[in-house]
Amino acid sequence: MPKLRVHNLSVSLDGFVAGPDQGPDAPLGVGGERLHEWAFRTRYGHTMLGRDGGEIGADDELLAAGDHGIGATIMGRNMFGPVRGEWPDHSWTGWWGPNPPYHHDTFVLTHYPRPDLTMAGGTTFHFVADAPESVLKRAFDAADGADARLGGGASTVRQFLAAGLIDELHVAIVPTLLGSGERLFDNLGELPGYRVADMLATTSVTHVWMTKR
């Protein structure tokens, strides 16, 4: 049975997945790029950037695992771009250039839908204002038997956690403090439907997996 998975979600020691003041010049907020330094040191991270080399080991393997068996992606509007409110036009097409790294149907949660956007490499962005359950059904249909992946930001992950829709949540706790920004686990209580299933510490981060009970 297909699952909804979250992989390699980098979180600071004080619980933030992005810093404050996100915008075109700071997609991850002020200081937020520190959360992803561990990923881009790996061989798989180098490959994503079109570079040779990179570190091998557990971090590299876990970063790569986040792309295995995925047939559709769901993300929040803040992950797609910095534009807020009504779309002034449709010129913004994401952070990733003409060939985004998804290569499948990708559903962007927004209060302001816009026409589908088909990009090079097989990525089609669908801008949807539906409830999480409805969006997940569309993602599973698009994935055609494969798993669906949930990206950021924090508010998007919280919505799906609160609804009990995430089957596997993998966070990478980064030894840095951001002080403010977008916090992951605010206002979720004890999440009684989930348990910590495993942990693994590397020299860069501590990986923690949560699964449904």
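Residues numbered from 1 in each chain as written. Predicted model: local features only at pLDDT ≥ 70, side-chain atom pairs only at ≥ 80, totals over all residues. Heavy atoms only, no water.

1. Concerning the side chain of histidine 170
Now for step 1: Locating histidine 170 in the fold gives a position in strand β8 (residues 168-174).
Now for step 2: Residue class for histidine 170 comes out buried when judged on its relative accessible area of 2%.
Now for step 3: Side-chain polar atoms of histidine 170 contact the side chain of histidine 207, separated by 2.9 Å.
Now for step 4: Those residues in contact with histidine 170 that sit more than four places away from it in its chain are Val6, His7, Asn8, Leu9, Leu62, His207, Val208 and Trp209. (Helix = DSSP H or I, 4+ residues; strand = E, 2+ residues; numbered from the N terminus. Buried < 20%, exposed > 50% of the residue type's maximum accessible area, 1.4 Å probe, protein only. Polar contact = N/O pair within 3.5 Å; in protein donor to acceptor, adjacent residues only side chain to side chain. Contact = heavy atoms within 4.5 Å.)

2. Looking at the packing of aromatic side chains
Now for step 1: By the definition in use, this model includes 9 aromatic pairs.
Now for step 2: With a centroid separation of 6.2 Å and an interplanar angle of 80°, the aromatic rings of phenylalanine 80 and tryptophan 87 are classed as edge-to-face. Of the two residues, phenylalanine 80 and tryptophan 87, neither departs from the other in class, the shared state being buried.
Now for step 3: Ring centres of tryptophan 96 and tyrosine 102 lie 5.2 Å apart, and the angle between their planes is 85°; this geometry places the pair in the edge-to-face category.
Now for step 4: Among the aromatic residues, those joined into a ring-pair cluster are Phe80, Trp87, Trp96, Tyr102, Phe125 and Phe127.
Now for step 5: Above the face of the tryptophan 87 ring, arginine 77 is positioned so that its terminal group lies 3.8 Å from the ring centre.
Now for step 6: Looking at arginine 114, its charged tip hangs above the ring of tryptophan 87, at a distance of 4.7 Å from the centre. (Phe/Tyr/Trp six-rings, centres within 6.5 Å; stacked < 30°, edge-to-face > 60°. Lys NZ or Arg CZ within 6 Å of the ring centre and 35° of its normal.)

3. Points about unusual backbone geometry
Leave glycine aside and you will find that most residues have negative phi; peptide bonds, for their part, are mostly trans.
Now for step 1: In this structure, the amide linkage connecting glycine 152 to the following residue, glycine 153, adopts the cis form with an omega of 5°.
Now for step 2: Relative to the helices and strands, glycine 153 is located in the loop between β7 (147-150) and α6 (154-162).
Now for step 3: You will see that aspartate 144, though not glycine, has its phi angle at about 55°, which is positive.
Now for step 4: Relative to the helices and strands, aspartate 144 is located in the loop between α5 (132-143) and β7.
Now for step 5: Residue aspartate 144 is classed as exposed on the basis of its relative accessible area of 69%.
Now for step 6: Located in the positive-phi region is asparagine 187, a residue other than glycine, with phi close to 60°.
Now for step 7: Mapped onto the elements, asparagine 187 comes out in the loop between β9 (182-183) and β10 (194-201).
Now for step 8: For asparagine 187, a relative accessible area of 81% corresponds to the exposed category.

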